[in-house]
Amino acid sequence: MDLRTMTQSLVTLAEDNMAFFSSQGPGETARRLLGVFAGVREQALALEPALGHLLGVAHLFDLDAETPANGYRSLVHTARCCLAHLLHKSRYVAANRRSIFFRTSHNLAELEAYLAALTQLRALTYCAQRLLASNQPGGLFFEGDEGLAADFLREYVTLHKGCFYGRCLGFQFTPAIRPFLQTISIGLVSFGEHYKRNETGLSVTASSLFTGGRFAIDPELRGAEFERITQNLDVHFWKAFWNITEIEVLSSLANMASATVRVSRLLSLPPEAFEMPLTADPKLMVTISPPLAHTGPGPVLVRLISYDLREGQDSEQLNSLVKSEGSRSLELWPRPQQAPRSPSLVVHIHGGGFVAQTSKSHEPYLKSWAQELGVPILSIDYSLAPEAPFPRALEECFYAYCWAVKHCALLGSTGERICLAGDSAGGNLCFTVSLRAAAYGVRVPDGIMAAYPATMLQFTASPSRLLSLMDPLLPLSVLSKCVSAYAGAETEDHSNSDQKALGMMGLVRRDTALLLRDLRLGASSWLNSFLELSGHKSQPKSVPIAEPVRRSVSEAALAQPEDPVGTDPLKSLTIHDLSLRGNSETSDTPELSLSDETLGPSTPSDVNFLLRPEDTPEKVESQEEMSTKDGSSSCLSGTFPEDFLPRRSSQGPTQIPLYSSPIAKNPFMSPLLAPDSMLQTLPPVHIVACALDPILDDSVMFARRLRSLGKPVTLRVVEDLPHGFLSLASLCRETRQAAALCVERIRQILTPPGPAAPPV
């Protein structure tokens, strides 16, 4: 059913139900039902033309005609899902409203919840239209004035979100995912309740997940608590919650359902420098130093997974590197005759927002990969932020990758074909490790498979990132906390509950990192001052005067030189400058010009990014009612029509950093901002993304940049699945198919290219 037909059908049913309930007398229930259907009619009629406009220009932002995917399409699809659910519910009410078995209160609550969701989706649609008018032609990321960007994000973070976490939780995803999301949301709010009461700790978190009965039976309460947690709890809470899968009981249950492998060993690579040959001239060598950033030299943990026991995997040299994990470090089967070394090797880098999880969390699907591909897999356990911010993780992953290339015989491989594979944050590290290998002149991988990677680690808006308002796995505030922690800008205070969630060793590591940061502050402030005085626009008043800029010796060696006028080229990079220069396909489009005229010009205003503690909800409402003469909001001129006010959050100010660290523009942190000369060094890239992922636009824009440079790249976007589907691979048919697609892309990389066809 097309959008117009769906809207007309919904409006007709809403009017029919309004006529019925208006004749039912002055009762409270009838009045509320009458009001909700009137609201559905109003929102649907206003939303349909806005969605149609976005859909009319969405093709301009696709990678190609065979890959119709970007944030604008995803937003339209999500709104259609909400309209479809309201259409189904309206039909049900029309058919059963006279029945004695009609559950009035239940249907009323569900209609009100989806009406709230539709109202907020209308607000997001207007935000997307504003992005469309403000962005450069063909660009998905906001590139407007800094003041306007702050206003835009301030408007966005004050929107109400709880309606998406209650009865409407996961309505945009495939139905098989929704029970899992409901379980996760109940576990999250229960965990948050223990955390708030200073009772939490990894020793009790497993039981705390099953004590949320009141949240299970009260969706509205769950939604409100979910919104409070996502907006106000710090990165240490999310680190503790996401690491629940590391608990032995839960990890054992997950491994029982996964493939059985003969080798699963945790190795500790000693921090010793070694030599590697240069690709251009193998007679010349380059020294690969151990990781140094922030905490000095230290071992790097990696996990070797192999379905078969292969030559070299039980050698004395490899056994000397094994780190004990109890009984899990032993082979699960008796050792048979060794299989020959595989010609291929997969080096894997796990996700987790740079702040959580290890290879142990991702072991279930890695075991399946090892079985299906028949090759050894080396998964890297890099150090996590905020205790170990950028570039520590990159240094460790690069060191482990080079070690694997040099010692592939110990891993059961001849190393003829090497694939780098990772998901989310791991996908980001796959790209940056390859860029660093090229910068060092050593062997780059034969290909990269990145699942839903993050390539733009800046606080900038895009149409797909608008979806973070409703995403239960990647809310915007959580994304910003992870990125801020990785950038080294973790400045929040930590209560006793935070310390308990970290555990004793985590607390020691965190406090050590904070101490080292303070010691480095004086040495780095001069560099920060240089960056801040390099000609860019002034920051808001609430921005700290000095920010610790974290750079290791090895990172500085790879930094780009300054231009002749002394301006930091990385700081002045924009996506438009890098990827859209000379793009004839999306320049001067009449649709974009028309949208600019339709929405009107914008004027940035100087406002604080966050609500101050003294700004009560009443003050916020009074500010919302203030409008300019053309009826637009005072916070962001021209975003919303004068007759529309979205619902605002009642959970207090959202703790989102006011600014992006200058280091976030480093190409080894945000590979989307890398100059063409660096991206030219990447091997073939295969990206598997999710249509409903808040970081979908990261994948689309990165693939477009590589395509514009003539680099081999594929982008496959799976429908109706959330971010992180690899960890849910065994959950349902859709996740299994998406995981199989990732395996197929890795297999393409590991398959040697065939002989060239003879000339005709």
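Since we're looking at a predicted model, the values are computed, not measured. Counting of residues starts from 1 at the beginning of each chain's written sequence and follows it residue by residue. Totals for whole chains, interfaces and linings use all residues, but because this is a predicted model, local features are given only for residues with pLDDT of at least 70 and pairs of side-chain atoms are given and counted only at 80 or more. Hydrogen atoms and water are omitted, and side-chain values are computed over all heavy atoms in the structure.

### Details of the overall build of the chain
Working step 1: In this text, helices come from DSSP runs of H or I with a minimum length of four residues, and strands from runs of E with a minimum of two, each type numbered from the N-terminal end. Each helix and strand counted, the chain has 24 helices and 10 strands in total.
Working step 2: By sequence separation, contacts in the chain at least 24 residues apart represent 82% of the contacts at least 6 residues apart.
Working step 3: Working definition of accessibility: Shrake-Rupley area with a 1.4 Å probe, residue cover restricted to the visible protein chains. Taken as a whole, the chain presents about 30300 Å² of accessible surface, with 56% of it coming from carbon and sulfur. The contact definition used throughout considers only heavy atoms, calling two residues in contact when any of these lie within 4.5 Å.

### Here's the deal with the packing of helix α14 (residues 392-406) against helix α15 (residues 425-440)
Working step 1: At a minimum axis separation of 9 Å, α14 and α15 run at an interaxial angle of 65°. Relative to α15, α14 is oriented roughly perpendicular. Seen along the crossing, α14 lies across α15 with a hand that is right-handed. On α15, the residues that touch Ala393, Leu394, Glu395, Cys397, Phe398 and Tyr401 of α14 are Leu429, Thr432, Val433, Arg436, Ala437 and Tyr440.
Working step 2: In terms of residue class, the contact of α14 with α15 is built from 9 nonpolar, 1 polar and 2 charged. Only the stretch in contact is used when fitting a helix axis, every axis being a line fitted to C-alpha atoms; angles between N-to-C directions are given from 0 to 180 degrees. Working definition: roughly parallel below 35 degrees, roughly antiparallel above 145 degrees, roughly perpendicular at 65 to 115 degrees, and oblique for all remaining angles. For a crossing to be left-handed, the near helix must be turned anticlockwise from the far one by less than a right angle; the clockwise case is right-handed. The classification used treats Ala, Val, Leu, Ile, Met, Phe, Trp, Tyr, Cys and Pro as nonpolar, Asp, Glu, Lys and Arg as charged, and all other residues, Gly among them, as polar.

### A few points about unusual backbone geometry
Working step 1: Pro386 follows Ala385 through a cis peptide bond whose omega is 5°.
Working step 2: Here Pro386 is to be found in the loop between β6 (377-381) and α14.
Working step 3: With omega at 5°, the peptide bond leading from Phe390 into Pro391 counts as cis.
Working step 4: Here Pro391 is to be found in the loop between β6 and α14.

### Here's the deal with the sheet that holds strand β5 (residues 342-349)
Working step 1: With mixed pairing, the 8 strands of this open sheet are ordered in space as β1-β4-β6-β5-β7-β8-β9-β10. Both edges of this open sheet fall to β1 (263-269) and β10 (713-718), since each of them pairs with a single strand only. The sheet shows a mean angle of 20° between the axes of neighbouring strands, direction not considered.
Working step 2: Note on pairing: two strands pair once DSSP finds at least 2 bridges between them. The pairing of β1 with strand β4 (residues 300-306) spans 7 bridges and is classified as antiparallel. When the sheet's bridge partners are listed, Leu269 is paired in β4 with Val300.
Working step 3: Sheet strands in contact with helix α13 (residues 359-373) are β1, β4, β5, β6, β7 (413-423) and β8 (447-451), and its direction is about 35° off that of β4.

### Description of the environment of Phe164
Working step 1: Within the secondary structure, Phe164 sits in the loop between α5 (146-157) and α6 (178-196).
Working step 2: Non-local contacts of Phe164, meaning those with residues more than four positions away in its chain, are made with Ala117, Gln120, Leu121, Leu169, Gly170, Phe171, Leu469 and Met470.

### Here's the deal with the confidence of the model for the chain
Working step 1: You can read pLDDT as the predictor saying how much it trusts each residue, on a scale of 0 to 100. Chain-level pLDDT for the chain is 79 on average; 72% of the residues reach the 70-or-more range.
Working step 2: Within the model, pLDDT remains below 50 along residues 199-208, and this stretch shows 20 contacts once partners closer than five positions in the same chain are excluded.
Working step 3: Note on residues 491-635: pLDDT under 50 across the span, and 218 contacts to partners over four residues away in sequence or across chains.

### Brief notes about the environment of Glu42
Working step 1: Structurally, the position occupied by Glu42 is in helix α2 (residues 28-57).
Working step 2: On the basis of relative accessibility, which here comes to 44%, the residue Glu42 falls in the partly exposed class.
Working step 3: As a C-alpha pair, Glu42 and Ala14 span 28 residues in sequence and 9.8 Å in three-dimensional space. Each residue gets one of three labels from its accessible area relative to the maximum for its type: buried under 20%, exposed over 50%, partly exposed in between, using a 1.4 Å probe on protein chains only.

### Quick notes on the pairing of β10
Working step 1: Across 6 bridges, the pairing between strand β9 (residues 685-690) and β10 is parallel. The partner of Val688 across the bridge, within β10, is Arg716.
Working step 2: Orienting the strands away from the viewer, one traces the path from the first strand over the helix to the second; a clockwise path indicates a right-handed crossover. What joins β9 to β10 is helix α23 (residues 696-708), and the crossover it makes is right-handed.

### Describing the pairing of β8
Working step 1: Of all 5 residues making up β8, 5 are buried, and the element is well covered by its neighbours.
Working step 2: A two-sided burial pattern is seen for β8, the buried positions comprising Gly447, Met449 and Ala451 on one face and Ile448 and Ala450 on the other.
Working step 3: Pairing geometry for β7 and β8, over 5 bridges, is parallel. Following the sheet pairing, Leu420 is matched in β8 by Ile448.
Working step 4: The parallel pair β7 and β8 is bridged by α15, and the resulting crossover is right-handed.

### Points about the side chain of Thr455
Working step 1: Looking at the secondary structure, you find Thr455 in the loop between β8 and α16 (476-486).
Working step 2: Accessibility expressed as a relative area gives 0% for Thr455, which makes it buried.
Working step 3: We call two N or O atoms a polar contact when they sit within 3.5 Å, provided that within protein one can donate a hydrogen and the other can accept it, with sequence-adjacent residues counted only if both atoms are side-chain atoms. At 3.0 Å, the side chain of Thr455 and the backbone oxygen of Asp698 are in polar contact.
Working step 4: For Thr455, the residues in contact, after removing those within four places along its chain, are Asn428, Phe431, Ser670, Pro671, Leu672, Asp698 and Phe702.

### Considerations on helix α3 (residues 71-96)
Working step 1: One less than the number of residues in a helix, times 1.5 Å, gives the span that helix is expected to have. Under the 1.5 Å per step criterion, the end-to-end length of α3 is 38 Å for 26 residues, consistent within 8% with the ideal 38 Å.
Working step 2: Capping of α3 at its N-terminal end is provided by Asn70; its side-chain oxygen lies 2.9 Å from the backbone amide nitrogen of Tyr72.

### Remarks on the packing of aromatic side chains
Working step 1: Only Phe, Tyr and Trp rings are paired, with Trp represented by its six-membered ring, and only when their centres lie within 6.5 Å; those with planes under 30 degrees apart are stacked, over 60 edge-to-face, the remainder tilted. This model, assessed by the stated rule, comprises 21 aromatic pairs.
Working step 2: Pairing Phe191 with Phe237 gives two aromatic rings, centres 5.3 Å apart and planes at 50°, and the pair type is tilted. With a gap of 46 residues between them, Phe191 in helix α6 and Phe237 in helix α10 (residues 235-242) connect regions that are remote in the sequence. With respect to class, Phe191 is no different from Phe237; both count as buried.
Working step 3: An angle of 40° between the planes, with centres 4.9 Å apart, marks the rings of Phe398 and Tyr440 as tilted. Linking Phe398 in helix α14 with Tyr440 in helix α15, this pair joins segments that are 42 residues apart in sequence.
Working step 4: Its relative accessible area of 4% is what places Phe398 among the buried residues.

### Some words on the environment of Ser462
Working step 1: One can find Ser462 in the loop between β8 and α16.
Working step 2: Judged by its relative accessible area of 0%, Ser462 is buried.
Working step 3: It is 8.9 Å that separates the C-alpha atoms of Ser462 and Gly139, two residues lying 323 residues apart in sequence.
Working step 4: Each residue touching Ser462, except ones within four places of it in the same chain, is listed here: Leu131, Leu140, Phe141 and Asp697.

### Re the nonpolar core
Working step 1: Ranked by size, the top nonpolar core spans 208 residues in total, and within it Trp369 and Phe725 carry the most contacts.
Working step 2: Considering each element in turn, this core owes the most residues, 16 residues, to helix α4 (residues 104-134). In this description, a nonpolar core means a group of buried Ala, Val, Leu, Ile, Met, Phe, Trp, Tyr and Cys residues linked to one another through side-chain atoms lying within 4.5 Å.

### Focus: the pattern of salt bridges
Working step 1: Within this document, salt bridges are pairs made up of a side-chain nitrogen of Lys or Arg and a carboxyl oxygen of Asp or Glu, the two lying within 4 Å of each other. Evaluated as defined, the whole model comprises 21 salt bridges.
Working step 2: Glu311 is the salt-bridge partner of Arg341, the closest N and O atoms lying 3.4 Å from each other. Residue Arg341 is found in the loop between α12 (316-319) and β5, and its partner Glu311 is found in the loop between β4 and α12; the two are separated by 30 residues along the sequence.
Working step 3: Arg341 gets classed as partly exposed once you look at its relative accessible area, which sits at 32%.
Working step 4: Taking the relative accessible area as the measure of exposure, Glu311 reaches 34% and is therefore partly exposed.
Working step 5: In this structure, Asp446 and Arg417 form a salt bridge, with 3.6 Å as the shortest nitrogen-oxygen distance. Note that Asp446 is positioned in the loop between α15 and β8 and Arg417 in strand β7, a separation of 29 residues in sequence.
Working step 6: Note on Asp446: relative accessible area 22%, which makes it partly exposed.
Working step 7: Here the residues in one salt-bridge network are Arg417, Arg443 and Asp446, joined through shared partners.

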